[in-house]
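Topology and contacts: notes
Below are the chains, spelled out letter by letter.
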Amino acid sequence: MTLSSAALLLFLVLDPFGNIPFFLTVLARVDPARRRRVVVRELAIALAVLVGFLFGGPFVLRALGISEPALTLAGGIILFLIALRMIFPGRRGGAFDDELEGEPFLVPLAIPYVAGPSALASVLFIMNRDPGRWPEWLTALLLAWAATAVILVLGTALAKHLGRRGLIAMERLMGMVLTTLAVQMFLDGLDRYRPQ
C-alpha cells in the first residue's frame, strides 16, 4: 500500500460528503456564531482518537493474538459493509438524534460520525500491515483528515452549492470506489492466509 492509496482509503472511509447532512442536522441546535468553532473542535477530537488508535491499536491486536490475514479479511468485510451502506443508505444517526440537546461534544460528531468503527478499523489495518512505515501512515491519516475537515467546515456552503442530489451522488461514488478497495483487501487477506 502506498501513501496515496492509504490516504484515499482513509478519506473514503471518513466519508465527509455523506457526513455533511448529519453535521448540519446536529449543528442546527447550535448558535450559528459558534458552529464553525464546534466543527473544528470535534474534528480535532476525532483526529486525536484516530492517531491514538493508529499507534495503540497494534498492541491490542498482538495482545489478542489476531493475525494479519485475519485483520485484513475482517477489514475487507467491514469496509465492504460500510461501502454498501454508502451506496444503499438507510437511516443513520439512530438514538443520537433524539437524545442529545444543545451543543454536541464528542458524540455524535467526533465519534462515531468522523472517528467511527470503520475509520478505526482502517487505521488499525494500515498500521498493522507495515508498522515500520508509521510516518507514511500518519501522513496519510493527516491528509485524509485535512481533506475531510475542509469539506465539513465548508459543509453549509457545499450543501447549498451541490444540493441534496449532489451530496448523494458524491457519497454513492465514494461508496463504489470503497467497494473495490474492500474486495481487494479481502482477496489480499485470503492470499496471505496459510492454514496450519
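Described below are features of the structure shown in this document. The model shown is predicted, which means the values in this text are computed figures rather than measured ones.

**Focus: the environment of F17**
- As for its placement among the helices and strands, F17 is situated in helix α2 (residues 16-27).
- Judged by its relative accessible area of 10%, F17 is buried.
- Through-space distance from the C-alpha of F17 to that of F88 is 15 Å; in sequence the pair is 71 residues apart.
- In contact with F17, other than residues within four places in its own chain, are F11, I151, L162, L167, M170 and M174.

**Describing the packing of helix α4 (residues 68-87) against helix α9 (residues 155-192)**
- Put simply, α4 and α9 touch, their axes get as near as 7 Å, and they point 160 degrees apart. By the angle class used here, α4 and α9 are roughly antiparallel. α9 is crossed by α4, and the crossing has left-handed handedness.
- For the contact of α4 with α9, the per-class residue count stands at 17 nonpolar, six polar and five charged.

**What about a nonpolar patch on the surface?**
- Judged by side-chain polarity, I77, F80, L81, L84, F88, V183, F186, L187 and L190 come together as a nonpolar surface patch covering roughly 790 Å² of accessible area.
- Looking at the nonpolar patch, the elements with two or more residues in it are α4 and α9.
- The residue L190 is located in helix α9 in this model.

**Notes on helix α7 (residues 117-129)**
- Taking 1.5 Å as the rise per residue, α7 with 13 residues should run 18 Å; its terminal C-alpha atoms sit 18 Å apart, in good agreement.
- The element α7 is extensively covered by neighbouring structure, given that 11 of its 13 residues are classed as buried.
- Of all the residues in α7, the buried ones are S118, A119, L120, A121, S122, V123, L124, F125, I126, M127 and N128.
- Buried-residue contacts for α7 involve α1 (3-14), α3 (35-64), α4, α6 (109-114), α8 (134-153) and α9.

**With respect to the side chain of S122**
- If you trace the backbone, S122 turns up in helix α7.
- Classification of S122 as buried rests on a relative accessible area of 3%.
- Here the side chain of S122 touches S118 through a polar contact of 2.8 Å, landing on its backbone oxygen.

**Here's the deal with α2**
- With 12 residues, α2 extends 15 Å between its outermost C-alpha atoms, agreeing within 8% with the 16 Å of an ideal straight helix rising 1.5 Å per residue.
- In terms of burial, α2 is largely enclosed, as nine of its 12 residues are buried.
- Buried residues in α2 make contact with α1, α3, α6, α8 and α9.

**A word on the pattern of salt bridges**
- In this structure the tally under the stated criterion is four salt bridges.
- Between R34 and E103 there is a salt bridge, and its shortest N-O distance comes to 2.8 Å. With R34 in the loop between α2 and α3 and E103 in the loop between α5 (95-99) and α6, this residue pair connects regions lying 69 residues apart in the sequence.
- In this structure R34 comes out as partly exposed when scored by relative accessible area, which is 28%.
- For E103, a relative accessible area of 35% translates into the label partly exposed.
- Here E103 and R41 are joined by a salt bridge, their closest N and O atoms 2.9 Å apart. Highlighted residues: E103 in the loop between α5 and α6 and R41 in helix α3, separated in sequence by 62 residues.
- One continuous salt-bridge network, built from bridges that share partners, spans R34, R41, E42 and E103.

Conventions we followed
Residues numbered from 1 in each chain as written. Predicted model: local features only at pLDDT ≥ 70, side-chain atom pairs only at ≥ 80, totals over all residues. Heavy atoms only, no water. Helix = DSSP H or I, 4+ residues; strand = E, 2+ residues; numbered from the N terminus. Buried < 20%, exposed > 50% of the residue type's maximum accessible area, 1.4 Å probe, protein only. Contact = heavy atoms within 4.5 Å. Axes fitted to C-alpha atoms, helices over the stretch in contact; angles between N-to-C directions. Parallel < 35°, antiparallel > 145°, perpendicular 65-115°, else oblique. Left-handed = near helix turned anticlockwise from the far one by under 90°. Nonpolar A, V, L, I, M, F, W, Y, C, P; charged D, E, K, R; others polar. Patch = residues over 30% accessible without salt bridge, like charges linked within 9 Å, V, L, I, M, F, W, Y side chains within 5 Å. Areas by Shrake-Rupley, 256 points an atom, 1.4 Å probe, with all protein chains shown as cover. Salt bridge = Lys/Arg side-chain N within 4 Å of Asp/Glu carboxyl O. Expected span 1.5 Å × (residues − 1). Polar contact = N/O pair within 3.5 Å; in protein donor to acceptor, adjacent residues only side chain to side chain.

Worth remembering: the numbers are spatial, not functional.
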